[in-house]
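# Structural overview
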Amino acid sequence: MNRFLNGWFRKKQQDGMTTRTAASESSRDGNDLSPTDIPRHVAIIMDGNGRWAKARGLPRIAGHHNGMKTVKRITQAADRLGVRYLTLYAFSTENWKRPKAEVEFLMKLPQEFLSLELDELMRNNVRVRMMGVRELLPDFTLAAVEEAVRKTENNTGLVLNFALNYGSRMEMVESARQLARRAASGEIDPNDISEADFSAGLLSCELPDPDLLIRTSGELRLSNFMLWQLAYSEFWFTDVYWPEFSEAHFHEAIREYQRRARRYGGL
Ligand code: IPE
Ligand code: IPE
Ligand code: MG
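Now for a quick tour of the structure. (Residues numbered from 1 in each chain as written. Chains lettered and ligands numbered in written order. Predicted model: local features only at pLDDT ≥ 70, side-chain atom pairs only at ≥ 80, totals over all residues. Heavy atoms only, no water.)

### Remarks on the site of ligand 2
In the vicinity of ligand 2, the contacting residues are Ile-45, Met-46, Asp-47, Tyr-89, Ala-90, Phe-91, Asn-95, Arg-98, Arg-215, Arg-221 and Ser-223. In the model, an oxygen atom of ligand 2 is placed 3.3 Å from a nitrogen or oxygen of the Arg-215 side chain. Compared with its free state, where it exposes 390 Å², ligand 2 has 77% of that area covered by protein. Here the shell around ligand 2 takes three residues from strand 2 (residues 85-92), the largest share from any one element. Taken together, the residues that form the shell around ligand 2 break down as five nonpolar, two polar and four charged. (Near = heavy atom within 4 Å. Polar contact = N/O pair within 3.5 Å; in protein donor to acceptor, adjacent residues only side chain to side chain. Areas by Shrake-Rupley, 256 points an atom, 1.4 Å probe, with all protein chains shown as cover. Helix = DSSP H or I, 4+ residues; strand = E, 2+ residues; numbered from the N terminus. Nonpolar A, V, L, I, M, F, W, Y, C, P; charged D, E, K, R; others polar.)

Structure representation (structure tokens):
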């Protein structure tokens, strides 16, 4: 290669390097994301707390505790991007099968999280909501969540929806029961029951369907989460454990979402 070409080549390489650095910086803060295509509703299966702790020789509850910091981080990130609804799967109707001590610890987390974060959530105009069955939840857990729901009910910003003691099959059976009762009493004709009627009986009735579902920790399943509502959502999975899930990972999910073509069966 002659001197001229060599110089040109080196210059090109340097340009390439600067471009790449600039791009990775802007992708870190999410500036490269299209503001007109931010998913309105993001739902997350926050998984991998236990494995995160185990990998560090810590008890599983240390993973849950650290996962709480991720809840704060991702709530702020979603809010900054203009996501309207953020649903977080915090405890499933099947999680009662876990050892008593772990369940007890998990039941204390909403209270701890809200005592630390409620003021900031208020300042950021966030509205807290709960999606789940109240039965079986300890009084102190329910009281903490209800206080947050009440205090934030007039906020008009991000809706932070905690799926707590939530199970999708259970909620669908419950919606079917409600419709069956109304049909049996003659209030409605079974032939008139619509998809909207069924949706209206679900715990998510006030929310639009999720646009994007994220699951952390490498598991590729729904674990009884929003089976009806996710019919046309985009799915994004990562091997990252929930306590390590960062704002940059969240942006990565949204970047991928923005590359997808949602067709809803059409063309
Ligand atoms: C998610 O982490 C939190 C809850 C299900 C409550 P896990 O506790 O399921 O963590 P892993 O999957 O065992 O690593
Ligand atoms: C799903 O995770 C429930 C929550 C994240 C709250 P699990 O860890 O309970 O799911 P499985 O047991 O691996 O399917
Ligand atoms: Mg798990």
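Now that the structure has been shown, the text picks up again.
### Some words on the sheet that holds strand 2
Hydrogen bonds between backbone groups are what pair the strands of a sheet, and the pairing can be parallel or antiparallel. Pairing is parallel across the open sheet formed by six strands, whose spatial order is 3-4-2-1-5-6. At either end of the open sheet lies a strand with only one pairing partner, and these are strand 3 (127-131) and strand 6 (234-237). Between one strand axis and the next, the sheet turns by 20 degrees as a mean value, whatever way the strands run. Alignment of strand 2 against strand 4 (residues 159-166), held across seven bridges, turns out to be parallel. Residue pairing for strand 4: Phe-91 is matched across the bridge by Leu-164. (Pairing = 2+ DSSP bridges. Axes fitted to C-alpha atoms, helices over the stretch in contact; angles between N-to-C directions.)

### A short note on helix 5 (residues 139-151)
Along its 13 residues, helix 5 runs 18 Å from first to last C-alpha, staying within 8% of the 18 Å computed at 1.5 Å per residue. All of the buried residues along helix 5 are Thr-141, Leu-142, Ala-144, Val-145 and Ala-148. The buried residues of helix 5 occupy one face: seen down the axis, they fall within an arc of 165 degrees. What points out from helix 5, more than 90 degrees from its buried face, is the exposed set Asp-139 and Arg-150. Each element contacted by the buried residues of helix 5 is listed here: helix 4 (100-123), strand 3 and strand 4. (Expected span 1.5 Å × (residues − 1). Buried < 20%, exposed > 50% of the residue type's maximum accessible area, 1.4 Å probe, protein only. Arc of directions from axis to C-beta. Contact = heavy atoms within 4.5 Å.)

### Describing the pattern of salt bridges
With the rule as written, the count across this model stands at 23 salt bridges. Across the pair Asp-47 and Arg-215 runs a salt bridge whose closest N-O atoms are separated by 2.7 Å. Of the two residues, Asp-47 is situated in the loop between strand 1 (41-45) and helix 2 (49-55) and Arg-215 in strand 5 (residues 212-215); the sequence distance between them amounts to 168 residues. Of the charged contacts in the structure, one is a salt bridge between Lys-72 and Glu-117, with a shortest N-O distance of 3.1 Å. In this pair, Lys-72 sits in helix 3 (residues 60-81) while Glu-117 sits in helix 4, placing the two residues 45 residues apart along the sequence. (Salt bridge = Lys/Arg side-chain N within 4 Å of Asp/Glu carboxyl O.)

### Observations regarding the site of ligand 1
The local shell around ligand 1 consists of Met-46, Asp-47, Gly-48, Asn-49, Gly-50, Arg-51, Arg-60, His-64, Ala-90, Asn-95, Arg-98 and Leu-106. In the model, an oxygen atom of ligand 1 is placed 2.8 Å from a nitrogen or oxygen of the Asp-47 side chain. Backbone polar atom of Asn-49 to an oxygen atom of ligand 1: 3.1 Å apart, as the coordinates give it. Within the complex, 87% of the 370 Å² of free accessible area of ligand 1 lies under protein. At the level of secondary structure, the elements contributing two or more residues to the shell around ligand 1 comprise helix 2 and helix 3.

### Things to note about the environment of Ile-214
Topologically, Ile-214 is positioned in strand 5. Taking the C-alpha atoms as reference points, Ile-214 and Met-46, separated by 168 residues in sequence, lie 8.2 Å from one another. Non-local contacts of Ile-214, meaning those with residues more than four positions away in its chain, are made with Val-42, Ala-43, Ile-44, Ile-45, Trp-236, Phe-245, Phe-250 and Ala-253.

### Quick word on the pairing of strand 4
With eight of eight residues buried, strand 4 lies mostly within the body of the structure. Sheet topology note: the strand 3/strand 4 ladder contains five bridges and is parallel. Bridging across to strand 4, Arg-127 finds its partner in Val-159. Each parallel crossover has a hand, and for strand 3 linked through helix 5 to strand 4 it is left-handed. (Right-handed = clockwise from strand over helix to strand, strands pointing away.)

### Some thoughts on the nonpolar core
Judged by nonpolar contacts, the single largest core of 46 residues is most densely connected at Ile-44, Leu-86, Ile-214 and Phe-250. Take this core: its biggest share by element is nine residues, from helix 4. Among the nonpolar cores identified, the runner-up in size contains 13 residues, and Met-131, Leu-207, Met-226 and Leu-230 belong to it. (Core = buried A, V, L, I, M, F, W, Y, C linked by side-chain atoms within 4.5 Å.)

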